[in-house]
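A closer look at the structure
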There are 2 protein chains.
Amino acid sequence: MEEQKKQIAILGSTGSIGTQALEVIAAYPDKYEVYAITANENVELLIKQALQFMPEAVVIANAKHYDRLKEALGHLPMKIYAGSDALCEIVEAQPIDIVLAAMVGYAGLAPVMNAIKHKKTIALANKETLVVAGELITALALEYQVPILPVDSEHSAIFQCLEPHSDIQKILLTASGGPFRHHSMEELSTVTKAQALKHPNWTMGAKITIDSATMMNKGFEVIEAKWLFNVKPEQIEVLVHPQSIVHSMVEFVDGAVKAQLGIPSMKLPIQLAFSYPERLPLAGHHLDFLKHSTLTFEAPDLHRFPCLSFAYDALKQGGNAACIINAANEIAVATFLQDKIGFLDIPRCLEYALSKASFIARPTYEDYVQTDAEVRRLITQYIHSKQA
Amino acid sequence: MEEQKKQIAILGSTGSIGTQALEVIAAYPDKYEVYAITANENVELLIKQALQFMPEAVVIANAKHYDRLKEALGHLPMKIYAGSDALCEIVEAQPIDIVLAAMVGYAGLAPVMNAIKHKKTIALANKETLVVAGELITALALEYQVPILPVDSEHSAIFQCLEPHSDIQKILLTASGGPFRHHSMEELSTVTKAQALKHPNWTMGAKITIDSATMMNKGFEVIEAKWLFNVKPEQIEVLVHPQSIVHSMVEFVDGAVKAQLGIPSMKLPIQLAFSYPERLPLAGHHLDFLKHSTLTFEAPDLHRFPCLSFAYDALKQGGNAACIINAANEIAVATFLQDKIGFLDIPRCLEYALSKASFIARPTYEDYVQTDAEVRRLITQYIHSKQA
């Protein structure tokens, strides 16, 4: 009997994760089929992808591109939608097996919640969803019995190391340390956007590359790990590992540590989320230890990279605190990418937001929406006042 | 309902593995009970252990110690036996759940076979059993549906990395490289017994310490891995890793590598073989990556350490070839430990044995017994002739 192809919806198909996910699917046409693709702005790439993969549905979040999309694809047997509501609703389609959440930032929250409610397996690359509302999302996934398969390389590594009968003592979350690992505070204060966009080991989207340079990304990953693996903040230790070969590790109660290693590539965690619990061959991914012959580990410097500290603080505080730092960070990074604030202003925005935004101990979904909006206003005004 | 204690028989209780196994059992008196202990020669330690753990049965292989054993323990409700047949038969006792095979060398083969036939779970520290007769032993374990849980630290690491739904691409067997990793051939030719007995990372029995210095131990581990994990010789790669923190690794078909790391300690694999599939807390085994902050890997030098090559040759040849090198090695190491041959004479004995002993393509158990005896005679004569 022929195995049925898994139907996949890719939210954020034109981004770094999305395009690699399509390459994974293209390599296994007998196993996977693209059911839907969505993008925020990049309509031309979306059209190209639609023509190559012939999905059932295509969604562009920014409605001003709708006419262009319709013009290019209207003659094909393909549903074409625009707007963020459509993006959120597309995951409901009955044939979809897996929703890959690969959009950037807070925007991932609503569609992921909807996908869980429609019992779709979640391949989660959008870590902000768990950063903002980890408690809500994990409770929902439990309620609907939906697996959340991590696509972040660190969390995929941890997931690969887990054992059904063994308790986690500790998670060792590795971090490259980013491009400014050896920078002094003074040097950090003059870092430019171009310098921050050059990551030593990974090629990623702009937002996550800046988050890596501030180590906010690692802070978000700490929060993400807490929710995915149900551990206490003090059970998560960040370890700087400049070679990015060990993707993360798990220590068990007997002291045994298990690690997943590999060349830095997102294709492996993407493919594994699609093929789990099996693995499929993946060309070009062999790790040669005679080439990568030295692996080193060091402690992160929380003084120079305070964003990592804020993440731990937010986790310990609970409630909407992580939602507050996420919103502050989204505004701060966007402003930094417009060359309007300095690199060290990013943590300042977070600190300001944590001290000023309304704390809610037991937030509902609506509270998260309000917190996000409040902090975006707050930080926009804060940046404006500093520049005036 | 109270969980029943696992009844454990320790073959070789006075050796390095045996004494550590007893410490593991002593730490969990509500989970494990010593059913039987056995030793070859060390009757005084065996008596001490018997008085501490009060096993049902005590066996001394060398019958000349029987009277001493009987005198010390005869007043206790304990069965006391002597001789290698008793050692072999003790594993049949109905209450025994796990047989830890921790004796040295070829002597492990017969009791392990008997234990399998009586459906006891095997915790295998005696690698020579699989080296000599891997095909026979694994077929027998399959026939009797008996799990063989590896206690060798490398094979335990590999076992811990396996996944039920994923095929192994490659096994990366790590090796400390031993105390002579940087020695030239000339320096190797003058190595003394005292130097060879000082292993940089592990404290072990004399025979295995010499085997580590020649890298014969790693060669045996290659053979052991082949049988335990059902892979081809070319799927096993030895990687010198002088820090002995990564205990071994598995590469899967997608390029993902999984590793098990920890401080060098045999207690962890011993305890895991007893507790599997669970893990139990193990004091003093936390691995601090800020202390072990650099891990390195390099290729082994087969020219300076030809014993490793012979192991691959024997595997590829099949039949009784591995049994031949094991017997030659046992005699050569014993003679080296008597200061009667040089360090580089050990591989010479192996080479001689491989070229002279009768090759049997499909050996039975009796063939292995004969091969072992033949090679022991052959190498004893060879050494004698060289010294004459």
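This text follows the structure it describes.
I will try to describe carefully the structure that is included in this document. (Residues numbered from 1 in each chain as written. Chains lettered and ligands numbered in written order. Predicted model: local features only at pLDDT ≥ 70, side-chain atom pairs only at ≥ 80, totals over all residues. Heavy atoms only, no water.)

Next up on the list: the relation of the copies chain A and chain B. With an RMSD of 0.0 Å, the fit of chain A onto chain B corresponds to turning through 180 degrees and sliding 0.0 Å along the axis. Such a combination of turn and shift is consistent with a two-fold rotation axis. Of all interface residues in chain A, 100% are interface residues in chain B too; the two copies therefore contact each other through one and the same surface. (Least-squares fit on C-alpha atoms with pLDDT ≥ 70 in both. Contact = heavy atoms within 4.5 Å.)

Before going further, it helps to spend a moment on the interface of chain A and chain B. Each partner contributes residues to the interface: chain A has 42 residues there, and chain B has 42 residues. Carbon and sulfur atoms supply 60% of the area that chain A and chain B bury against each other, a total of about 3,300 Å² over both sides. For the chain A face of the interface with chain B, the top three residues by lost area are A:Asp254, A:Arg279 and A:Phe289, together amounting to 21%. The tally of links between chain A and chain B comes to four salt bridges. Ionic pairing is found between B:Arg279 and A:Glu163, a salt bridge with its closest N-O pair at 2.6 Å. Along the contact surface separating chain A from chain B lie 14 residue pairs in polar contact (both at pLDDT 80 or more). Of all elements in the fold, only helix H7 (153-161), strand S8 (168-175), strand S10 (246-252), strand S11 (257-261), helix H12 (267-275) and strand S12 (294-296) of chain A reach the threshold of two or more residues within the side of chain A that touches chain B. (Buried area = accessible area lost by both parts, 1.4 Å probe. Salt bridge = Lys/Arg side-chain N within 4 Å of Asp/Glu carboxyl O. Polar contact = N/O pair within 3.5 Å; in protein donor to acceptor, adjacent residues only side chain to side chain. Helix = DSSP H or I, 4+ residues; strand = E, 2+ residues; numbered from the N terminus.)

It is worth spelling out the pattern of salt bridges at this point. Residue and element names in this part refer to chain A. The final tally for this structure, using the stated rule, is 38 salt bridges over all chains. Between Glu33 and Lys5 there is a salt bridge, and its shortest N-O distance comes to 3.6 Å. Here Lys5 lies in the segment before strand S1 (6-11) and Glu33 lies in strand S2 (residues 32-39), a separation of 28 residues in the sequence. Close ionic contact of Glu221 with Lys127 constitutes a salt bridge, the shortest N to O distance being 3.0 Å. Of the two residues, Glu221 is situated in helix H11 (residues 216-229) and Lys127 in the loop between strand S6 (121-124) and helix H6 (128-143); the sequence distance between them amounts to 94 residues.

With that out of the way, let us pick up the packing of aromatic side chains. All names here are of chain A. Scanning the entire structure with this criterion turns up twelve aromatic pairs over all chains. Relative to Phe343, the ring of Phe180 lies with its centre 5.2 Å away and its plane at 85 degrees, an arrangement referred to as edge-to-face. Placement of Phe180 in the loop between S8 and helix H8 (185-189) and of Phe343 in the loop between helix H14 (321-337) and helix H15 (345-356) is noted, with a sequence separation of 163 residues between them. With relative accessibility at 3%, the residue Phe180 sits in the buried group. Taking 5.8 Å as the distance between ring centres and 65 degrees as the angle between the ring planes, the aromatic pair formed by Phe336 and Phe343 counts as edge-to-face. For Phe343, a relative accessible area of 3% translates into the label buried. What links up through ring pairs into an aromatic cluster is the set Phe180, Phe336 and Phe343. Sitting over the face of the ring of Trp227, Lys226 holds its NZ or CZ atom 4.6 Å from the ring centroid. (Phe/Tyr/Trp six-rings, centres within 6.5 Å; stacked < 30°, edge-to-face > 60°. Buried < 20%, exposed > 50% of the residue type's maximum accessible area, 1.4 Å probe, protein only. Lys NZ or Arg CZ within 6 Å of the ring centre and 35° of its normal.)

Residue and element names in this part refer to chain A. If you trace the backbone, Ser385 turns up in helix H16 (residues 365-387). Judged by relative accessible area, which is 47%, Ser385 ranks as partly exposed. In terms of polar contacts, Ser385 uses its side chain to reach the backbone carbonyl oxygen of Tyr382, at 2.8 Å.

The next point concerns the pairing of strand S11 (residues 257-261) of chain B. Of all five residues in S11(B), five are buried, a share of seventy percent or more. Judged by which residues are buried, S11(B) turns out to be covered on both faces: B:Val257, B:Ala259 and B:Leu261 on one side and B:Lys258 and B:Gln260 on the other are all buried. In this structure, S11(A) lies alongside S11(B), joined through five bridges in antiparallel fashion. Within S11(B), the residue paired with A:Ala259 across the bridge is B:Ala259. Linking strand S10 (residues 246-252) of chain B back to S11(B) in an antiparallel pair, the connection comprises four residues, with B:Gly255 at a positive phi of about 90 degrees. (Pairing = 2+ DSSP bridges.)

Omega for the bond connecting A:Tyr276 with A:Pro277 falls within 30 degrees of zero, at 5 degrees, which places this linkage in the cis form. Examined against the element boundaries, A:Pro277 turns out to sit in the loop between H12 and S12. Its identity as a non-glycine residue notwithstanding, A:Ser244 has a phi of 50 degrees, on the positive side. Within the element layout of this structure, A:Ser244 appears in the loop between strand S9 (236-240) and S10. Residue A:Ser244 is classed as buried on the basis of its relative accessible area of 6%. Although it is not a glycine, B:Met54 adopts a positive phi angle of roughly 45 degrees. Mapped onto the elements, B:Met54 comes out in the loop between helix H2 (43-53) and strand S3 (57-60). We classify B:Met54 as partly exposed; its relative accessible area is 42%.

Residue and element names in this part refer to chain B. The topology assignment puts Ser156 in helix H7 (residues 153-161). In this structure Ser156 comes out as buried when scored by relative accessible area, which is 2%. A sequence separation of 214 residues divides Ser156 from Gln370, and the C-alpha atoms of the two residues are 31 Å apart. Sequence-distant contacts of Ser156, that is, excluding residues within four places in its chain, are made with Pro150, Pro269 and Leu272.

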